[in-house]
Number of protein chains: 2
Amino acid sequence: MSKTKLDTLLSSLKFNDQGLIPAIAQDNTKGDILMMAWMNKEAIEKTLSSGRVCYWSRSRQALWKKGETSGQHQDLVDLIIDCDRDTILVKVKQNGVACHTGRRSCFYTSVSENGDCTEISNVEIDPKDLYGNKPS
Amino acid sequence: MSKTKLDTLLSSLKFNDQGLIPAIAQDNTKGDILMMAWMNKEAIEKTLSSGRVCYWSRSRQALWKKGETSGQHQDLVDLIIDCDRDTILVKVKQNGVACHTGRRSCFYTSVSENGDCTEISNVEIDPKDLYGNKPS
């Protein structure tokens, strides 16, 4: 990617006051939503240049190369921006599971009409086997 | 929904410093991502009690009953919260189009590896026929 094109792209996006933009990860084949995290300019640049999805970890305040520790990385298939240019959708090939709990998706708690919460998916990999206490 | 259950649910969610939480809307049948917007406690309550998806409009600083003006409403099929309880996924039955541009989805601009932007979906309804300058 040329520096000019990248700069044009990044300058067109609306980041929040922490310099972040929400990024939704969707499995490209199955279509399920895996997670939502945040990217800064560096994470977007790394994602596009490497083909591996990177986020910005708000808790660690560091670039988060998804799966670097756990091996559960996301290969980028498509990066799509929305009409307001304030949200990113990454379509990915998920290697293993996306959630730090060992579930495929972070969205596993369904709220029924009466307010009850129900877990709708199971743990596929013991988190201890993924990364212990290290970042996912 | 009992008030107690609702309170328990709402108090478990992590809102940002504006009292908002991001909400991703996904078509329940086709699986495509339609939009991402924000909810406050009132929007979540209205969504669950009415079965119609409501957001909080940051630009108008008002409850946004999606489709109230345009007719392009979203019937709630499932409301799912993520592992960190800081993002909501609503699976919906989309009536018509979700995007204020008249496209089915707000995510219609694909960014290629070299930084080029390509529109990947077409306008289905002229926005003027939806709501003119009124909110979507």
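Residues numbered from 1 in each chain as written. Chains lettered and ligands numbered in written order. Predicted model: local features only at pLDDT ≥ 70, side-chain atom pairs only at ≥ 80, totals over all residues. Heavy atoms only, no water.

Test applied: UniProt positions are given in the numbering used here, feature names are shortened, and annotations may be inferred rather than shown by experiment.
Taking an unreviewed UniProt entry as the reference, chain A is identified by name as Phosphoribosyl-AMP cyclohydrolase belonging to Kiloniella litopenaei. UniProt annotates chain A under Subunit (unreviewed entry) with the comment "Homodimer." UniProt lists a comment for chain A under the heading Subcellular location (unreviewed entry), and it reads "Cytoplasm".

### Some remarks on the UniProt feature "binding site: Zn(2+)" (unreviewed entry) in chain A
Residues and elements named next belong to chain A. Note the cut-off: Secondary structure elements are defined from DSSP: runs of H or I of at least 4 residues count as helices, runs of E of at least 2 residues count as strands, and each element is numbered from the N terminus. Residue burial is assigned from relative accessible area. The probe radius is 1.4 Å, only protein chains are included, and a residue is buried under 20% of its type maximum, exposed over 50%, and partly exposed in between.
Look at the UniProt record and you will see "binding site: Zn(2+)" (unreviewed entry) annotated at Cys83, Cys99 and Cys106. Across 24 residues in sequence, these annotated residues place their C-alpha atoms as far as 27.8 Å from one another, rather than forming a single compact spot. Checked against the element boundaries, Cys83 lands in the loop between strand E5 (74-82) and strand E6 (88-94). Of the residues examined, Cys83 reaches a relative accessible area of 18% and is grouped as buried.

### A look at the relation of the copies chain B and chain A
Put simply, the rule reads: Least-squares fitting of one copy onto the other uses the C-alpha atoms of those residues that reach a pLDDT of at least 70 in both copies. Here a residue-residue contact requires only that any non-hydrogen atoms of the pair lie within 4.5 Å.
For the match of chain B to chain A, the screw axis carries a shift of 0.0 Å, the RMSD comes to 0.0 Å, and the turn is 180°. What we have between these two chains is a two-fold relation. Of every C-alpha in chain B, the one belonging to B:Gly31 sits nearest the axis of rotation, 2.9 Å from it. With an isologous cut-off of 70% or more, the 100% of interface residues of chain B that recur at the interface of chain A puts this contact in the isologous class.

### Overview of the UniProt feature "binding site: Mg(2+)" (unreviewed entry) in chain A
Stated precisely, the cut-off is as follows: Here a polar contact means two N or O atoms within 3.5 Å. Within protein one must be a hydrogen donor candidate and the other an acceptor candidate, and residues neighboring in sequence count only if both atoms are side-chain atoms.
According to UniProt, the positions carrying the feature "binding site: Mg(2+)" (unreviewed entry) are A:Asp82, A:Asp84 and A:Asp86. The topology assignment puts A:Asp82 in strand E5. A relative accessible area of 3% means that A:Asp82 is categorised as buried. The residues touching A:Asp82, leaving out its near neighbours within four places in the chain, are A:Thr87, B:Cys106 and B:Phe107. Polar contacts involving the side chain of A:Asp82 include one to the main-chain amide nitrogen of A:Asp86, which spans 3.0 Å. On the basis of relative accessible area, A:Asp84 is assigned to the partly exposed category, the value being 34%.

### Notes on the interface of chain B and chain A
Defined as follows: Summed over both partners, the accessible area lost on bringing two parts together, with a 1.4 Å probe, is the buried area. One side-chain nitrogen of Lys or Arg within 4 Å of one carboxyl oxygen of Asp or Glu is enough to make a salt bridge. Any residue that is not Ala, Val, Leu, Ile, Met, Phe, Trp, Tyr, Cys, Pro, Asp, Glu, Lys or Arg is counted as polar, Gly included; the first ten are nonpolar and the last four charged. For two strands to be treated as a pair, DSSP must find no fewer than two bridges joining them.
At the junction of the two partners, chain B supplies 42 residues and chain A supplies 42 residues. Buried surface at the junction of chain B and chain A, both sides included, amounts to about 3,200 Å², of which 63% is carbon and sulfur. Among the residues of chain B in contact with chain A, B:Cys83, B:Phe107 and B:Val111 are the three that bury the most area, contributing 18% of the side total. Inspection of the chain B/chain A interface yields four salt bridges. Across the pair B:Lys5 and A:Asp116 runs a salt bridge, and its minimum N-O distance is 2.9 Å. Listing elements by their share of the side of chain B that touches chain A, those giving two or more residues are helix H1 (3-12), strand E1 (21-27), strand E2 (33-39), strand E5 (74-82), strand E6 (88-94) and strand E7 (107-111) of chain B. Of the residues in the side of chain B that touches chain A, the class split is 21 nonpolar, 11 polar and 10 charged. In terms of strand pairing, E5(A) meets E7(B) through four bridges, oriented antiparallel. Considered in E7(B), the bridge of A:Ile81 is made with B:Thr109.

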